[in-house]
Amino acid sequence: MNKELNNTPNTAEQETAKAVVRLLNEETDNINSATLAKLAAARRNAIALAAEQASVGVEGGSVLRMFGDYLHQHRFVAPAAMLCSAMLVALIATQQFTNQEVVGQGDAFLLGSDLPPEAYFDRGFDTWLASSSQQ
Amino acid sequence: MARVFVAAIILAVGLVCGFARAEDAASLSWSQLSEEQKKVLSPLAQEWDTLRPWQREKMQDIARDYPKMSAKQQERVQERLSKWSRMTPFERENARKKYQQFQAMPADKREELRKKWRDYQSLPEAKREQLRQEHPELYGTDDVDN
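Residues numbered from 1 in each chain as written. Chains lettered and ligands numbered in written order. Predicted model: local features only at pLDDT ≥ 70, side-chain atom pairs only at ≥ 80, totals over all residues. Heavy atoms only, no water.

1. A short note on the overall build of chain B
Applicable threshold: The helix and strand labels rest on DSSP assignments: H or I over at least four residues marks a helix, E over at least two residues marks a strand, and numbering proceeds from the N terminus. Buried means the residue's accessible area, taken with a 1.4 Å probe over protein chains only, is under 20% of the maximum for its type, while exposed means over 50%, and partly exposed covers the values in between. Here a residue-residue contact requires only that any non-hydrogen atoms of the pair lie within 4.5 Å.
In terms of regular secondary structure, chain B is built from seven helices and zero strands. Helices and strands in chain B line up, N terminus first, as α-α-α-α-α-α-α. Evaluated residue by residue, chain B yields a buried proportion of 35% over its 146 residues. A separation threshold of at least 6 residues defines the contact pool for chain B, and within that pool the share at least 24 residues apart is 51%.

Set out below in structure tokens:
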């Protein structure tokens with residue numbers, strides 16, 4: 001414990017911490033063997049518990065965490081992508097419905113026009129027009 | 001981000017509902033049509049339930065536009081509707097294209113074309129059939145699904 005503290009920056013807080021650690025170390029010598037055994041057992045339990053939680057995190061939670069981290073890092077890209085997608089879908093839908101409108105109206109007014117529908121696709125009429133325009 | 005997400009969801013739901021309604025409209029049987037639609041589409045009453053969904057949808061579009069038309073146009077629609085429904089998709093598509101061209105013509109050209117159509121109609125059927133055979137382009141393709 002002392003070794004770790006000696007490697008940290010030498011600030012007033014660290015000096016205080018060192019003093020506390022020194023005091024605790026001095027008192028450690030006075031702890032009886034039963035208490036030392038309890039502390040050692042508690043330490044082992046704590047280490048085992050920490051190891052277990054770490055393994056669970058790797059199996060399941062870390063995937064979600066990685067996904068969350070990715071979204072966080074790309075938090076400006078995601079709204080832009082969604083906005084672009086929404087605009088694309090709206091554009092496609094608009095074209096779809098607009099085309100339907102034009103064709104539907106065309107059919108109704110085509111049927112009501114001066115010329116009957118067959119005049120527009122009669123091969124013979126096309127030939128008749130071509131020959132009459134040459135005369 | 002939350003607002004964009006909600007907007008995207010609303011848009012998607014709206015589109016799905018819109019397409020679903022279009023599908024529903026296309027699959028309506030004769031008995032499910034409104035009285036107004038039945039009145040306009042009465043020439044098709046006997047054959048309505050044999051029409052394909054996309055044909056029904058087109059006919060409902062015609063019924064939708066019918067009230068916007070003059071009495072003379074409405075009369076023509078009634079006369080021609082049955083024959084229109086029996087035309088092939090290719091013929092209908094071709095008629096649409098030619099109709100757009102006809103509408104873009106000046107008034108005098110349109111009148112001239114109407115006169116020529118009357119002249120053509122006055123020809124004997126044998127002569128008209130001969131003219132059809134002389135047409136250089138290929139017709140009758142039935143793969144345009146409109």
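And the narrative resumes.
2. A short note on a nonpolar patch on the surface
Rule in force here: Each patch is assembled from residues with relative accessible area greater than 30% and no salt bridge, linking like charges that lie within 9 Å and nonpolar side chains (Val, Leu, Ile, Met, Phe, Trp, Tyr) that lie within 5 Å. All accessible-area figures derive from a Shrake-Rupley calculation using a 1.4 Å probe, and residue coverage is judged against the displayed protein chains alone. Salt bridges, as used here, are contacts in which a Lys or Arg side-chain nitrogen is within 4 Å of a carboxyl oxygen on Asp or Glu.
Together, L88, L91 and I92 of chain A line one region of the surface with nonpolar side chains, adding up to about 300 Å² of accessible area. Relative to the elements of secondary structure, I92 of chain A occurs in helix 4 (residues 77-111).

3. Looking at helix 5 (residues 89-104) of chain B
Here is the rule: A helix is expected to reach a length of 1.5 Å times the quantity of its residues less one.
Between its first and last C-alpha, helix 5 of chain B extends 23 Å over 16 residues, near the 22 Å set by a 1.5 Å rise per residue. Burial in helix 5 of chain B covers these residues: P89, F90, R92, N94, A95, R96, Y99 and F102 of chain B.

4. A few points about the packing of aromatic side chains
Note the threshold: Any two rings among Phe, Tyr and Trp, with Trp reduced to its six-membered ring, count as a pair given centres within 6.5 Å; such a pair is stacked if its planes are under 30 degrees apart, edge-to-face if over 60, and tilted if neither.
As enumerated under the stated definition, the model contains seven aromatic pairs over all chains in all. Arranged with centres 6.5 Å apart and planes meeting at 50°, the rings of W128 of chain A and Y120 of chain B form a pair that is tilted. Placement of the pair is W128 of chain A in helix 5 (residues 123-134) and Y120 of chain B in helix 6 (residues 107-122), with the two residues belonging to separate chains. Here Y120 of chain B falls in the buried class, since its relative accessible area comes to 0%.

5. Digging into the packing of helix 3 (residues 53-65) of chain B against helix 4 (residues 71-86) of chain B
All names here are of chain B. Where we set the bar: Lines fitted to C-alpha atoms define the axes here, with helix axes fitted over just the stretch in contact, and angles between the N-to-C directions of these axes take values from 0 to 180 degrees. Between 65 and 115 degrees an angle is taken as roughly perpendicular, under 35 as roughly parallel, over 145 as roughly antiparallel, and anywhere else as oblique. It is the rotation of the near helix from the far one that decides the hand of a crossing: anticlockwise by less than a right angle makes it left-handed, clockwise makes it right-handed.
Put simply, helix 3 and helix 4 touch, their axes get as near as 12 Å, and they point 170° apart. Regarding the angle of helix 3 to helix 4, the classification is roughly antiparallel. As helix 3 packs across helix 4, the resulting crossing turns out to be right-handed. Where helix 3 approaches helix 4, its residues Q55, M59 and I62 are matched on the opposing element by V77, L81, W84 and S85.

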